[in-house]
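Observations on the three-dimensional arrangement
The lines below spell out each chain.
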Amino acid sequence: KSSSVLGKKIPFDIDGMNVAQLSRQQELLAPALCSTTDTQGGIRFSRIGSNLDGYAHSILSVPGLGTDNTSAECIPVVLNATGSLASLAEYCSTCLGDGFPGVDLDGKDNGNSNSLSYLRACNQINAGSADYYLSKLYNAKESNAYQEASVRTASAFLNKCLPLNTHVRSLMAAIGMMNENLCPDKTSMAAHVTNICAMTSEEGVAYPVGGPRAICHALTSVIEQCGGRVVAGVSLQELLFEKLDEKKETKKKTNGEENDPLKGPKPKCKGIRLQNGMDIKVSKDDGSVISMLGFIPTFLNLLPADTRAAHGVPPGLPAISERRPLMKIMVGLKGSKADLNLTGADWYRLPNASLPYDEMDQATGQIRFGAIGVDAGGDDLTTDGEATGETETTSVGGRRGKQNKTATPATAKKITRRCKFQTGESWMKVSFPSAKDPSWHDRYGPISTCVVTVEACDDFVRAFDTKPQIYSILKGSGNSTSGEMGRLMDRVMKDLLQTFPQLEDNIICTQMYGPVRSGLTHCPARFAIKGNRPETSYPGLFVGGADLTVGDSFSASIVGGWMAANAAMGYSMIDHVYLKKNLTSDLEQFMEEPSLVTERDGVVVEDVGVPFKEVNIDEENATKAAES
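Just so you know, the residues in each chain are numbered from 1, in the order the chain's sequence is written. Two thresholds apply to this predicted model, a pLDDT of at least 70 for residue-level local features and 80 or more for giving and counting side-chain atom pairs, whereas whole-chain, interface and lining totals are computed over all residues. Calculated side-chain values reflect all of the structure's heavy atoms, with hydrogen atoms and water omitted.

**Digging into the overall build of the protein**
Only DSSP runs of H or I with at least four residues qualify as helices, and only runs of E with at least two residues qualify as strands; both kinds are numbered from the N terminus onward. Tallying secondary structure elements over the protein gives 21 helices and 27 strands in all. Buried residues in the protein amount to 47% of all 628 residues. The criterion used for residue contact is that any of the two residues' heavy atoms lie within 4.5 Å. Pairs at least 24 residues apart make up 70% of the contacts formed inside the protein by residues separated by at least 6 positions. What sets the accessible areas is the Shrake-Rupley method with a 1.4 Å probe; for residues, cover comes only from the shown protein chains. Element-wise, carbon and sulfur atoms account for 50% of the exposed surface of the protein, whose accessible area totals about 31,400 Å². Each residue is placed in one exposure class: buried if its accessible area under a 1.4 Å probe, protein chains only, is under 20% of its type's maximum, exposed if it is over 50%, and partly exposed if it falls in between.

Here it is, written out as structure tokens:
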């Protein structure tokens, strides 16, 4: 998105283009960016942070973490690329009361750090993620530790591996699910370990120089060089399908029962119809339509209702749930990164990982693990006056309370708790995209951008208990100075200024955008269903994007796009597993090398997509300035 700031059209990166484990992602992305003059289309990546802060990329604010009280207070935790697993384990030992990660003279581990053991176990589980996602291309069930973990919740592993320290348990839950307000008892362990490995990587987190527009321009250039066309700013109406042969459609089973629409032949997807009535069709024989919008928008919004009723949706789709849509608040700031003391690290408030409180049953002496995190709302609650049996329990930390002994009666009335943004409590993410981009000041001068992300309240969306569970958009982007949007804006800005007080007198403009759909929630069902793969049951129709992997990240979108492209090209299991042959290897083998020249016909050829000057920091002077 872009907004006018001081008469300039300034871009806002509302989706977040952070790239974790860049070395792996560049192997997939570089061939798609390769142009006639540069191997990456002029795109360069810069690590978020600096050597002074250890290349810090995330700041986590978890209620109760690192404190001895039950309030929303916390001690923020900074994640960086210095020391990775060992440094985080040392923090847990020093500040959270975990064991010490000791090493003997031979370099062998002789410590008693539970956090370090847990982090290493997550890395071992995540080692099978590549094989798991690759198996989606040839419809084979990959049975490994990652696949088995994907259908289990993170809370089961956290309680089992970290039973004695609630603070360490809460911190690991926070790192494992930062980008969605989802408690560990609803989070797939696959998403949990993938996020932990990405956030604790020694590579840190990178950002494209020039931001998302540089990536878009580079991809557009390559597409046009290959004879393709990019059309932006259009609205889609529905997918187009060929008529199915009546003989195939009326084919019956041998047992005389009516055909199951999921098992019968499906019509071939032949194109897409725009809202203006224009039809864009693929080539007759081998063309494909690839939707990067995700499963729910593709099969519930774009798939014609009559086609869906006659031929169904991918297997397992009714079992999944849509993530609650998001609201984006764009804030234009007067001043540069240095003027405002802005950080490139993203700041998160994570009530979904709030400190649990374990309790001891006085009758049996067993410890009952407390729930990590609090729900955002929408769960069923019992009405006042219900009769429930209770038993007295004692918290491990000394707190006493009541524990329900009997289940809620089936006849009890239920009420639905509304989801509202609560100042100082609700899930929130704050990022400064301009502070991540080293080329920003050269292009836009002393102007900075801030993007605040919160969940859409029930004033803007409505949850439907359908299969799949989805949200409907009630109100879109409108006047952010009045009504529900104005009240939400006031609450969000209050939290923003309380966290970053240096912004108060430097705000130029604010604008709210949303609600924005954000794909599937990271529950175990997302990874368990059979239909979550790029090739759909409709010939010629493929699905890509972050829904195939771990969502809400540019890295996931890269992998999801690569999977969809390989599926559309028809690479088989023999190609991937035995011949080590895929789209990337073929491009590297047959693509012509760029002509790395600085001039062509007297005109200077620019290899870098945007002006970029390496920032050299004088550590000694910077340290003296910080101390003063």
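Let us keep going from here.
**Describing the packing of aromatic side chains**
Think of it this way: a Phe, Tyr or Trp ring, Trp meaning its six-membered ring, pairs with another when their centres are within 6.5 Å, and the plane angle makes it stacked under 30 degrees, edge-to-face over 60, tilted otherwise. Taken as a whole and assessed by the stated rule, the structure comprises eight aromatic pairs. Ring centres of Phe295 and Phe299 lie 6.3 Å apart, and the angle between their planes is 20°; on these two criteria the pair is classed as stacked. Of this pair, Phe295 and Phe299 both sit in helix 11 (residues 295–302), four residues apart, roughly one helical turn. Each member of the pair, Phe295 as well as Phe299, is classed as buried.

**As for a nonpolar patch on the surface**
The patch calculation keeps residues exceeding 30% relative accessible area without a salt bridge and links them within 9 Å when they carry like charges or within 5 Å when they are nonpolar (Val, Leu, Ile, Met, Phe, Trp, Tyr). Whenever a carboxyl oxygen of Asp or Glu lies within 4 Å of a side-chain nitrogen of Lys or Arg, that contact is scored as a salt bridge. A cluster of nonpolar residues, Val231, Val234, Leu236 and Leu293, forms a patch on the protein surface that exposes about 310 Å² of accessible area. The topology assignment puts Val231 in the loop between helix 9 (211–225) and strand 8 (236–241).

**Some remarks on the confidence of the model for the protein**
The predictor attaches a confidence to each residue, called pLDDT, with possible values from 0 through 100. For the protein, the average pLDDT comes to 81, and 80% of its residues sit at 70 or higher. Segment residues 252–257 is flagged for pLDDT under 50; beyond a separation of four residues in sequence, or across chains, it makes four contacts in the model. Here residues 377–408 is a poorly scored stretch, pLDDT under 50, and it has 68 contacts once near neighbours within four places are set aside; other chains count.

**Side note on the nonpolar core**
Here, the term nonpolar core denotes a set of buried Ala, Val, Leu, Ile, Met, Phe, Trp, Tyr and Cys residues that are joined through side-chain atoms within 4.5 Å. Within the largest apolar cluster, 88 residues are counted, with the highest numbers of intra-cluster contacts made by Leu60, Leu171, Met172 and Phe299. Ranked by residue count, the leading element in this core is helix 8 (residues 189–199), at seven residues. Setting aside residues up to four positions removed in sequence, Phe299 forms contacts with Arg308, Val313, Pro314, Leu317, Thr536, Tyr538, Leu541 and Val543. By size, the runner-up hydrophobic cluster in this structure holds 31 residues, among which are Phe421, Val452, Leu503 and Met512.

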